[in-house]
Amino acid sequence: MKTNQRFAWIAAAGGACALLLVGLGLGIWGGANGKEGGAPVTETAVQEKYRNPMTLDEEWPDYGIGDPFVMRYNGVYYLYCSTKDGRAGIKSWSSTDLAHWKYEGLVADDPLTTGAYAPEVVYWNGYFYMNTSPAGNGHYVLRAERPTGPFTVQTDNLGLSIDGSVFIDDDGQWTFTHAGGGGIVGHRMTSPTEIDPVGKTLNAFMGHWTEGSMIIERDGLYYLTYTGNHVFSKGYRINYAVAEDSPLGEYRVPDNNPMLIRTAPDFNGLGHSSTVLGPDLDSYYLVYHNLVGRSAEGPPVRQMNIDRLVFNGSKMAVSGPTLQEQPVPNPPAFAYRPGAGDEGAKWEIGKSGDATRWLSVPATPQPRFTAEYNFVATPPGGGGTDFEVLFAYRDDRNYDYVRLDTKSKALSLHRIEDGQDRALAAAELPSSFDFGKLHTIRVAAANPGISVVFDGMTKIRLPETPTFGGKIGYAFAGGQPGIEATFFSGEAGGSGDFDAAKSVPGTVEAVHYMEGKGRGYQVAHPDGKAAFRPQDGVPIVREEDGSYSAQLANRKDWLIYRLNVGEAGTYNVDAVLKAADGDAELEIRIGKESSRIVLRSDDEPGWRKRTLATLTLQPGIQTMQIKLLKGKVDLRYFDLYRTLESPANVPDALKEVSVVDDLHGDWSSVADGYFTPMEGNDARMFVGSDGWTDYEVSLDLTSSQDEPLYEGALMFRVTNESYFPDQVKDAFQGYELAFRNGRAVLRKVNYERVDELESANLETPTGQTTKVRVAVKGGRIEVYANDAKEPLMATEDSDAYLHGRVGIRSSDPAWTFAHVSVAFP
């Protein structure tokens, strides 16, 4: 297999053994089972790494991989991407681990596929259906019998804009979503090739053109990812929304959007993603592209990236974007692929009455696991109506199984205890299913809780049912079925998120501490009623937004998190927290660095984002410990980002502006200041570092008119700024203090979401200078005018932006900005 040249194998004596240990999740800590007891130890197992962005064999020249879509079939991943303008054919690659990719050639070569936009493929009952919009001129459906084609055209032009995506719900209902100027639009489908022309605009809108949608279902919730606004914008980004009732239902847009954005000169334009189940059968990964630039022929040049998704209740987040080395996704603990010649080493094959039974040689060691079975139930010539997949097999008298009735087209879940067979649940399957084609059953045992998924559709959910460890396997009578790729892992219900190394810079959920008492957590008095991870005893409650928070309730209780730090430097560690009962004190430790913070009972009540520590970190995999020294503290999540240790004051900041990266729109200079010569220009100028935290920024503001038609504004704590004509107007994250018609308005801006925090009267007499000063410390923002001792406005933002640059913004020639200065405490 050809490997990605950007990936580096980490060579070491006994490396194969080390890779196996990491793959089985034995971890990096001491103790009897690797996840409990003992003190932290150095990571000794050597695991293969990969790095974003990826470069694959046979990419489209001077075009790369844009709009990447990855599907998983029979334990293998297949990648499809947009076709370069003016070229016919759709390319594909395959992988078993999401890291090493083999070029599979053109899977379609019909002239209709010239410039094919965003091809996506779903498998259904023996066929692969591809949706694509060639050159953006409406959608066609193509079909093949293999994921590598050949795909042939099945429909006329179905229209419906671009970026079509198909979702199949648990009841077998198909949904088609596509791009739109007012948001993502969804349609019911009546067959794999027919779409109801009447659609519904969903609550998935990014303030401008919105595209690149995809829906997944997880734990009964529908997650819709989508992208905006323009592929050539640095601010191209990914949002997500969550619905509870249906894929065309009422979507809620969580506060942690955009879920993926970066506008830095070296890595930006992140978007058009797909989501795929990881090799461990429990994790999910986000596949997306970044913008490199414009090709010689005009279209964009893009590269593919893959980062891990993590879930906290209904909250979804990306551990990224990453540019540092990161571990290759964990493989399953048991993997069987037919044709490898290792049946004897993987299976115990024997008879039980009239039935043939295959049992895995290894067993799932714990009652938490996920097992996947790929098979062709009906052998050539018919027969084979008695077909079962086995799990939690301890002995002949104690195991669970799922029976597939190929005649009635139904599933049933059973438990055998002490030789007694008890039916637990049953479900119907689509009447059109052909069991002479490949199908998939996936069983997740979360202890408690069992779910049975058939061809991606969750058919059985028993959330309170206890589970057991044991072997997996098959039992059948009446003929030899096709036993295809079969796997199990020790993860289920998102448990793989706990020990996954979280990318830094990035966000870490408080409930994603590592597994194992004495390894990932320590609590003096376990809570037996925790709403999440109840077996650990860490006090955890569900919050109003559907996510979970953790509490440190007793002195010397602690939680430990696994991090993957991108590069050496000074980092701030912020946290959204609250002191639960009077004063509290925390200690934070990362590597050899540590710091303490005291939380006062007279601070603002409720959840607040606060800086816990400023630490010097080294790159690589390491741990972060949060220990309680006094009181009680509730924790939601942590933000870690680069900062500056001792920034110098900037007495005339506008002189530091770089034309390439910091100056946008038309500006003219006059005396010591700047103005925009064009009305409605929305010109912007930025200076400073994303790592600036607490500071005072001041300026001299002058108006040449009594009431300028458009606003002028001072911006501060700004990150991820973008300037492009075809995107949302307020393309940055941070704050702006806007001036207009004798008013000053303080706003918090997050691209399409703009919230007014405070406003006050502020006269700016024609031709006179008004001195404006803004002081930011933690979440507190104070605005002063002229030489006043008392603030014109003062507010506390409980979920504040705590770092970023400063800037000015104007759409009116009447405003002149001068003597912008920044001072640090």
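Attention here is on the structure that accompanies the text. As the structure is a computational prediction, the values presented were derived from the model and not from experiment. (Residues numbered from 1 in each chain as written. Predicted model: local features only at pLDDT ≥ 70, side-chain atom pairs only at ≥ 80, totals over all residues. Heavy atoms only, no water.)

1. Quick look at unusual backbone geometry
In step 1: Cis geometry marks the peptide bond from glycine 228 to asparagine 229, where omega comes out at 0°.
In step 2: You can see asparagine 229 is positioned in the loop between strand E16 (221-228) and strand E17 (237-243).
In step 3: Along the chain, asparagine 257 connects to proline 258 via a cis peptide bond; the corresponding omega equals -5°.
In step 4: Inspection of the secondary structure puts proline 258 in the loop between E17 and strand E18 (263-264).
In step 5: With a phi close to 65°, leucine 160 is a non-glycine residue in the positive phi region. (Helix = DSSP H or I, 4+ residues; strand = E, 2+ residues; numbered from the N terminus.)

2. Some remarks on the side chain of asparagine 305
In step 1: Its location among the elements puts asparagine 305 in strand E21 (residues 300-312).
In step 2: Looking at asparagine 305, its side chain comes within polar contact range of the main-chain oxygen of glutamine 303, at 3.3 Å.
In step 3: Ignoring sequence-local partners within four residues, the contact set of asparagine 305 consists of Asn52, Pro53, Phe267, Leu286, Val287, Tyr288, His289 and Asn290. (Polar contact = N/O pair within 3.5 Å; in protein donor to acceptor, adjacent residues only side chain to side chain. Contact = heavy atoms within 4.5 Å.)

3. Looking at the sheet that holds strand E7 (residues 127-134)
In step 1: The four strands lie next to each other as E6-E7-E8-E9, forming an open sheet whose pairing is antiparallel. Only two strands of the sheet have a single neighbouring strand rather than two, namely strand E6 (116-124) and strand E9 (152-153).
In step 2: In this sheet, strand E8 (residues 140-144) lies alongside E7 in antiparallel orientation, the contact comprising five bridges. The residue bridging threonine 132 from the neighbouring strand is tyrosine 140, located in E8. (Pairing = 2+ DSSP bridges.)

4. Considering the pairing of strand E3 (residues 76-80)
In step 1: Of all five residues in E3, five are buried; the element is thus mostly enclosed.
In step 2: Every second residue of E3 is oriented toward a common face, with Val76, Tyr78 and Tyr80 on one face and Tyr77 and Leu79 on the other, all of them buried.
In step 3: Bridge count for strand E2 (residues 69-73) against E3 is five bridges, and the pairing is antiparallel. Its bridge partner lying in E3, phenylalanine 69 is registered against tyrosine 80. (Buried < 20%, exposed > 50% of the residue type's maximum accessible area, 1.4 Å probe, protein only.)

5. Re the packing of aromatic side chains
In step 1: This model, assessed by the stated rule, comprises 38 aromatic pairs.
In step 2: Measuring from centroid to centroid gives 5.8 Å for phenylalanine 167 and tyrosine 222, while their planes differ by 90°, and the two rings are edge-to-face. Within this pair, whereas phenylalanine 167 is found in strand E10 (residues 165-168), its partner tyrosine 222 is found in strand E16, the two being separated by 55 residues in sequence. Each member of the pair, phenylalanine 167 as well as tyrosine 222, carries the same accessibility label: buried.
In step 3: Taking NZ or CZ as reference, arginine 533 lies 3.8 Å from the ring centre of tyrosine 513, over its face.
In step 4: The lysine or arginine in question, arginine 642, covers the ring of tyrosine 571, its NZ or CZ lying 5.6 Å from the ring centre. (Phe/Tyr/Trp six-rings, centres within 6.5 Å; stacked < 30°, edge-to-face > 60°. Lys NZ or Arg CZ within 6 Å of the ring centre and 35° of its normal.)

6. So, the pattern of salt bridges
In step 1: A complete count under the given rule lists 48 salt bridges for this structure.
In step 2: Notably, a salt bridge pairs arginine 403 with glutamate 388, separated by 2.8 Å at the nearest N-O pair. You can see arginine 403 sitting in strand E29 (residues 398-405) and its partner glutamate 388 sitting in strand E28 (residues 386-395), a full 15 residues away along the chain.
In step 3: According to the relative accessible area criterion, arginine 403 is partly exposed, its value standing at 34%.
In step 4: Judged by relative accessible area, which is 14%, glutamate 388 ranks as buried.
In step 5: Beyond isolated ion pairs, a larger network of salt bridges with shared partners links Asp682, Arg684, Glu711, Asp730, Glu736, Arg747 and Arg809. (Salt bridge = Lys/Arg side-chain N within 4 Å of Asp/Glu carboxyl O.)

7. Description of the nonpolar core
In step 1: Tyr373, Ile441 and Tyr474 are the most contacted members of the largest nonpolar core, which totals 46 residues.
In step 2: Not counting the four nearest positions on each side in its chain, tyrosine 373 is found in contact with Val389, Leu390, Phe391, His439, Thr440, Ile441, Val443, Ile472, Gly473, Tyr474, Ala485 and Thr486. (Core = buried A, V, L, I, M, F, W, Y, C linked by side-chain atoms within 4.5 Å.)

8. Focus on the environment of asparagine 157
In step 1: Residue placement: asparagine 157 occurs in the loop between E9 and E10.
In step 2: You can call asparagine 157 partly exposed: its relative accessible area is 37%.
In step 3: Taking the C-alpha atoms as reference points, asparagine 157 and histidine 439, separated by 282 residues in sequence, lie 30 Å from one another.
In step 4: In contact with asparagine 157, other than residues within four places in its own chain, are Asn137, Gly138, His139 and Tyr140.
In step 5: A polar contact is formed between the side chain of asparagine 157 and the backbone oxygen of asparagine 137, at a distance of 2.7 Å.
In step 6: Engagement of the side chain of asparagine 157 in a polar contact is seen with the backbone nitrogen of glycine 159, the distance being 2.7 Å.

9. Describing the side chain of glutamate 509
In step 1: For glutamate 509, the position within the fold is in strand E38 (residues 506-509).
In step 2: Here lysine 315 takes part through its side chain, which lies 2.9 Å from a polar atom of the side chain of glutamate 509.
In step 3: Every residue in contact with glutamate 509, bar those within four places of it in the chain, is listed here: Asn312, Lys315, Tyr561, Arg636 and Tyr637.

10. Digging into the pairing of E28
In step 1: In terms of burial, E28 is largely enclosed, as seven of its ten residues are buried.
In step 2: One ladder, built from seven bridges, connects E28 with E29; its direction is antiparallel. Each bridged residue has a counterpart across the sheet, and for phenylalanine 391 the counterpart in E29 is aspartate 400.
In step 3: Hairpin remark: E28 followed by E29, antiparallel, with two residues in the connecting loop.

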